[in-house]
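Given next are the chains, with one letter for each unit.
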Amino acid sequence: MNQPTILDLIGTGPNGWGMALAAATIMTVLIAIAGFAIGAVIGVFGAWAKVSGGWVTRGIAGFYTTVLRGIPDLLVIYLFYFGGSAAVTAIGRLFGAEGFIGFPGFLAGALAVGITSGAQQTEVFRGAYRAVHSGELEAAIACGMSRSLRFRRILAPLTLRHAIPGMGNVWQVVLKESALVSVTGVVELLRQSQIGAGSTGLPFDFYVIAAAIYLAISTVSGGLLQLSEKRFTRGVRRG
Amino acid sequence: MDLPFLYETFLSLVAAVPLTLQLAASAIGLGAFLALGLALCRLSGILPLDWFARAYIFAFRGTPLLVQIFLIYYGLGQFREVRHSMFWVVLRDPYWCAVIALMLNTAAYSAEIIRGGLLSVPFGQIEAARACGMSRFMTFRRIALPLAIRQALPGYSNEMISMVKATSLASIITIMEVTGVAAKLISETYRAIEVFVVAGAIYLAINFILTRLVALAEYQLSPHLRQPAALPSTSTGAAR
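Below: a short report on this structure.

### As for the overall build of chain A
Item 1. When you go through chain A residue by residue, the secondary structure sums to 9 helices and 0 strands.
Item 2. Reading the helices (α) and strands (β) of chain A from amino to carboxyl end gives α-α-α-α-α-α-α-α-α.
Item 3. Relative to the compact-globule value of 18 Å for 239 residues, chain A shows a C-alpha radius of gyration of 22 Å, a clear excess of over 25%.
Item 4. When the backbone C-alpha atoms are referred to their principal axes, chain A occupies close to 80 × 55 × 30 Å.
Item 5. Scored against the burial criterion, the 239 residues of chain A give a buried share of 45%.
Item 6. Of the accessible surface of chain A, which amounts to about 12,200 Å², a share of 66% is contributed by carbon and sulfur atoms.
Item 7. The centroid of the 18 positive side-chain charges in chain A is displaced by 16 Å from the centroid of its 10 negative side-chain charges.

Okay, structure coming up:
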């Protein structure tokens, strides 16, 4: 039997999995972006709670970050996937639906990745907020800026400037975490490779292709992050 | 709150804790040696070694651990040469595949941590060792490495914690460690939240104990940074 080579596999020919792999790559990026965005929103509120909340909100935020950074991501994905399915099934029964209803894997995955990365981003934003000089905020008060204007024009951009390197780290973690979402059956890059490996009997080739695509995504997005860091720190005097 | 169910879940999950610990300990222990080797390659100044270590670290840090596990467990079996070699006894066993994948993965991250530690050793210390007539190897063993370990310990403890969490991925290649048992219980009972709470508490406890142990090691290794124990007071001693 003539075994297809790696080049055949990534091509779009009769033996090619190129289109399927491209679609799966887009799915992986989408999961990572959705998870990262959810995490960023949680991170902003978490940091806010930790910085200026009372002892109750600070306690809740502290509990959240401790727990979510101390347990495996896979467990959180299982919780959302199976827990979500159980909840949806229970709700379905209320409306007279019969049997088991699955929770959409994409949603479960994005939420799980978002909630774990939210714990990391809380700490990133909190650290970045602490790095903003109080003099800058005092200057804004002295200029007569209102609270919301101060937040929009001074605090948010400066915090973001300090947060970008940390957010870049979280993004890389999120991208790799998105591979775990394959356990929910979402056809992202790893799941597609498993399917390909199963139907061609060439697991090594498919997982090498998947690894190469992950490397490419993380390298390209790492470069973009560096560019944005440059842009956001263009006002900083060096040396 | 269904306490009997929680208790039963706790019992079946605790039974899996030794396997989780064993996976983590073998991966971290073996990975540390590999990491030290890689860090020395990076610092050796010999270009081929340096580039090899760079490429290794880039590849292993840039791809998901699960892909690495699949590549080793499913991927290597594709080749007849591997299946007929003496390594097949090890490579067909999911436990050893998981240990190998975790070890290779943690080595890439730890190598950079250890490299940072080695770079942080002040040159004056090395100079002093040379002045005492120590050989290169002895300088490394007695001076550079202990100081580097002390410096790298906080960063390394992060890596150890993420390794404990990473052992959960071994459940995907059929190993019944804590997450594996938890997933089985969830799919049998569909009580995701209860099982999750118990499993999460177990991981938290493991990681909490781990951070305490590292903090203890850090304390032991830095007597020079501590306030010296109060000397027998000299002012009142003047009565003598």
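### Side note on a nonpolar patch on the surface
Item 1. Taken together, the side chains of A:Val41, A:Val44, A:Phe45 and A:Trp48 define a hydrophobic patch exposed on the protein surface, amounting to about 440 Å² of accessible area.
Item 2. Look at A:Val44 and you get partly exposed, because its relative accessible area is 42%.

### Details of the interface of chain B and chain A
Item 1. With 35 residues of chain B at the interface, the matching set in chain A holds 34 residues.
Item 2. Interface of chain B and chain A: buried area, both sides summed, is about 3,000 Å²; carbon and sulfur atoms make up 81% of it.
Item 3. Considering only the surface of chain B that becomes buried against chain A, B:Gln78, B:Tyr190 and B:Phe196 emerge as the three largest contributors, covering 19% of it.
Item 4. Summed over the shared surface of chain B and chain A, the number is 0 salt bridges.
Item 5. Here chain B is connected to chain A by 6 residue pairs in polar contact (both at pLDDT 80 or more).
Item 6. Among the secondary structure elements, those contributing two or more residues to the side of chain B that touches chain A are helix H3 (47-62), helix H4 (65-75), helix H10 (178-189) and helix H11 (192-221) of chain B.
Item 7. Sorting elements by how many residues they give to the side of chain B that touches chain A places H11(B) first, with 8 residues.

### Some details on the pattern of salt bridges
Item 1. Counting across every chain of the model gives 9 salt bridges over all chains.
Item 2. Here A:Glu123 makes a salt bridge to A:Lys50, at a shortest N to O gap of 2.5 Å. Taken together, the positions of A:Glu123 in helix H5 (residues 105-130) and A:Lys50 in helix H2 (residues 18-52) put the pair 73 residues apart, joining distant regions of the chain. Take A:Glu123 and A:Lys50: they sit in the same class, and that class is buried.
Item 3. Linking B:Glu194 and B:Arg191 is a salt bridge whose minimum nitrogen-to-oxygen distance equals 3.3 Å.
Item 4. Residue B:Glu194 is classed as partly exposed on the basis of its relative accessible area of 23%.
Item 5. A relative accessible area of 26% places B:Arg191 in the partly exposed class.

Rules of the game
- Residues numbered from 1 in each chain as written.
- Chains lettered and ligands numbered in written order.
- Predicted model: local features only at pLDDT ≥ 70, side-chain atom pairs only at ≥ 80, totals over all residues.
- Heavy atoms only, no water.
- Helix = DSSP H or I, 4+ residues; strand = E, 2+ residues; numbered from the N terminus.
- Rg over C-alpha atoms; globule rule 2.2 N^0.38 Å.
- Buried < 20%, exposed > 50% of the residue type's maximum accessible area, 1.4 Å probe, protein only.
- Areas by Shrake-Rupley, 256 points an atom, 1.4 Å probe, with all protein chains shown as cover.
- Lys, Arg positive; Asp, Glu negative; His and termini not counted.
- Charge placed at Lys NZ, Arg CZ, Asp CG, Glu CD.
- Patch = residues over 30% accessible without salt bridge, like charges linked within 9 Å, V, L, I, M, F, W, Y side chains within 5 Å.
- Salt bridge = Lys/Arg side-chain N within 4 Å of Asp/Glu carboxyl O.
- Contact = heavy atoms within 4.5 Å.
- Buried area = accessible area lost by both parts, 1.4 Å probe.
- Polar contact = N/O pair within 3.5 Å; in protein donor to acceptor, adjacent residues only side chain to side chain.

Remember that the coordinates give geometry; whether it matters functionally is a separate question.
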